[in-house]
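Survey of secondary and tertiary structure
One letter stands for each residue in the lines below.
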Amino acid sequence: MTATMTDAPPPAAPKAGDAPQRSGRSLGQILIIVAGALLLLAAVRMITGSQDLDSAGQVSAALGLAVPIGLAGLAGLWSERAGVVNIGLEGMMILGTFGAGWIGWQTSPWLGLLMGIGFGVVGGLVHGVATITFGVDHIVSGVAINLLALGATQYLAKLFFTNGAAANAGGNPKQSPPVGNLPDVTVPGLSDGLHSIENHHWFLISDIAGILGGLVTNLSVITVLAAVLFLASWWLLWRTPFGLRLRSCGENPAAAESLGVNVYTYKYAAVAVSGGLAGLGGAFLALVTSHTYLEGQTGGRGYIGLAAMIFGNWRPGGLAMGAGLFGYSDALQLRNGGTTVHALLLLLVVLLVALAGWKLYRKAMVQGVVSLVMAALVLVWYLLTDTVPSDFVGATPYVVTLLVLSLSAQRLRMPKADGMRYRKGQGK
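If you're wondering where the values come from, they're calculated on a predicted model, not measured in any experiment.

The helix and strand inventory of the protein chain stands at 17 helices and 2 strands. The burial tally for the protein chain puts 46% of its 428 residues in the buried class. For the protein chain, the accessible area works out to roughly 20100 Å², and carbon and sulfur atoms hold 69% of it.

Counting across every chain of the model gives 11 aromatic pairs. With 5.8 Å between their ring centres and 75° between their planes, Tyr264 and Tyr422 make a pair best called edge-to-face. Of this pair, Tyr264 sits in helix α12 (residues 263–289) while Tyr422 sits in the segment after α17 (390–408), and the two are 158 residues apart along the sequence. By relative accessible area, Tyr422 is classed as buried at 5%. The structure contains a cluster of three or more aromatic residues connected by ring pairs, namely Phe98, Trp102, Phe119, Phe160, Phe161 and Tyr293.

To continue, consider the pattern of salt bridges. If you walk through the whole model with that rule in mind, you get 4 salt bridges. The salt bridge involving Arg81 is made with Glu251; its shortest N-O contact spans 3.9 Å. Of this pair, Arg81 sits in helix α2 (residues 56–81) while Glu251 sits in helix α10 (residues 241–251), placing them 170 residues apart in sequence. When the shortest N-O distance is used, the salt bridge between Glu295 and Lys174 registers 3.5 Å. On the criterion of sequence distance, the pair formed by Glu295 in the loop between α12 and α13 (301–311) and Lys174 in the loop between α6 (164–168) and β1 (184–185) is long-range, its members being 121 residues apart. Among the ionic contacts, a cluster of salt bridges with common partners joins Arg81, Glu251 and Arg413.

A word on helix α14 (residues 316–331). Compared with an ideal rise of 1.5 Å per residue, which puts 16 residues at 22 Å, α14 spans 22 Å between its outermost C-alpha atoms and is within 8% of the ideal. For α14, the set of buried residues is Pro316, Gly318, Leu319, Gly322, Ala323, Phe326, Gly327, Tyr328, Ser329 and Ala331.

We now examine α10. What α10 keeps buried is the set Gly243, Leu246, Arg247, Cys249 and Gly250. Buried residues of α10, seen end-on, are gathered within an arc of 145° and therefore sit on one face of the element. When the buried face of α10 is taken as reference, the exposed residues oriented beyond 90 degrees from it are Pro241 and Leu244. In this structure, the buried residues of α10 make contact with α2, α9 (221–239), α11 (253–258) and α12.

Residue position: Val59 is located in helix α2. Overall, the relative accessible area of 13% leaves Val59 in the buried class. Along the chain, Val59 and Gly210 lie 151 residues apart, while their C-alpha atoms are 7.7 Å from each other. Ignoring any residue separated from it by four or fewer positions in sequence, one finds Val59 in contact with Asp54, Gly210, Ile211, Gly214 and Leu215.

Another point: the packing of helix α4 (residues 109–133) against α12. Taken N-terminus to C-terminus, the directions of α4 and α12 make an angle of 140°; their axes are 6 Å apart at the nearest point. As for how α4 packs across α12, the hand of that crossing is right-handed. Residues that form the contact of α4 with α12 fall into these classes: 14 nonpolar, 9 polar and 1 charged.

Let us look at the environment of Pro415. Counting through the fold element by element, Pro415 comes out in the segment after α17. Take Pro415: its relative accessible area is 2%, and that puts it in the buried class. A C-alpha to C-alpha distance of 8.1 Å links Pro415 and Arg247, two positions 168 residues apart in sequence. With sequence-adjacent residues up to four places away left out, Pro415 is seen in contact with Glu80, Arg81, Gly250, Glu251 and Trp314.

Criteria and thresholds
- Here, residues in each chain are numbered from 1, in the same order as that chain's written sequence.
- Residue-level local features of this predicted model are given only where pLDDT is at least 70; pairs of side-chain atoms are given and counted only at 80 or more, and the full residue set underlies all totals for whole chains, interfaces and linings.
- To get the side-chain values, all heavy atoms of the structure are used, and hydrogens and water are removed first.
- For the purposes of this entry, the term helix denotes a DSSP run of H or I that reaches at least four residues, the term strand denotes a run of E that reaches at least two, and both are numbered from the N terminus.
- Burial here depends on accessible area, computed with a 1.4 Å probe over protein chains only, as a share of the maximum for the residue type. Under 20% is buried, over 50% is exposed, and the range in between is partly exposed.
- Only the protein chains shown count as covering a residue, and every accessible area follows the Shrake-Rupley method with a 1.4 Å probe.
- The aromatic pairing rule takes the rings of Phe, Tyr and Trp, using the six-membered ring of Trp, and pairs them if the centres are within 6.5 Å, calling planes under 30 degrees apart stacked, those over 60 edge-to-face and the rest tilted.
- Counted as salt bridges are all cases of a side-chain nitrogen of Lys or Arg within 4 Å of a carboxyl oxygen of Asp or Glu.
- The length a helix should cover is 1.5 Å for every residue beyond the first.
- Here the arc refers to the directions that run from the helix axis out to each C-beta atom.
- Whether two residues are in contact is decided by their heavy atoms: any pair within 4.5 Å suffices.
- Every axis corresponds to a line fitted to the C-alpha atoms, with the helix fit spanning only the stretch in contact, and the corresponding angles, defined between N-to-C directions, vary from 0 to 180 degrees.
- By convention the crossing between two helices is left-handed if the near helix lies anticlockwise of the far one by an angle smaller than a right angle, and right-handed if it lies clockwise.
- For this classification, the nonpolar set comprises Ala, Val, Leu, Ile, Met, Phe, Trp, Tyr, Cys and Pro, the charged set comprises Asp, Glu, Lys and Arg, and every other residue, Gly included, is treated as polar.

See below:
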């Protein structure tokens, strides 16, 4: 992302001999990384005896916390792939929480879900009008959306939830009356079988069973919808002509226009989808997490979603992993967090040693030595303590956010025209 607005670059002619560049990792590399992570996690669980490290309950809680972050990140991905920086995701999520709570308690949670998405779309379109049509700096517009959404929902909550039927049903200036439940999804038979295998605490087998059990037990329909949206976004953006045109608007809109692409249309479509996805993330918080609209319930998840998007290098797969990591670290507070985070210190030691070995192999001596020193300090901390203070457990998600962003900063490549001002006719 960039906070400085500049004009979009002119069309660039390809150089002779240029070859298409591949991005991302192959399927084989991904499978090797996943297998290595599972083996390492299983070994740490056996050594430390921390059974909550990858239990079905921990995975289920992490998934519930990851969904709104992932949807916010996916919203940012759609917008930024079209060249529009969307720092207003937090405000669009706030609009989604209010829309879901306001309509949900009066009618049904399904209509509340649709209204949450609709409120988010409105926020996205306002951001689009400001940045695409009037050329306002994207960061300034996003901050304004956040402030306007917060002020508008506070005013509307006082207007609609403090009198009449709403007040009698439990509404007040800071929350809506309770909203009905959306259905959950559990795979019959498979869930119980995996739970039984997990309870044997076998090496690796029980770890896989615990992780899979958390992914097939008591899933909200919005969680299932979010998974479908991630797959659909990948297919639309990277496997269809529509996605190619949309991404070209974020790489070089002037060149895209010269090839007949209506850049304004694609940018508006992207910010509308972005707002709807952020609103869906807010609706999840109102309908699934708390069953009511609460003032301040987004808790900065829009910004963490942006961090997950950057960690994922503006791609759905990496974004999903980033959201899962943040959700997992946040869920540690809910299930014996001090002991579990203490076990993770040993995992951190192994990762730091591996990073040090890689840096030393690449002749990056200073970074390698620093990683070794950090590994030694964390190991001493692990050996001299039995648990981690609760204050540190609460800060774990934010520490993880800073850590993964700093480690992934060197391989990031955002869309070339992300945040740049574009005016119709530049490509002609």
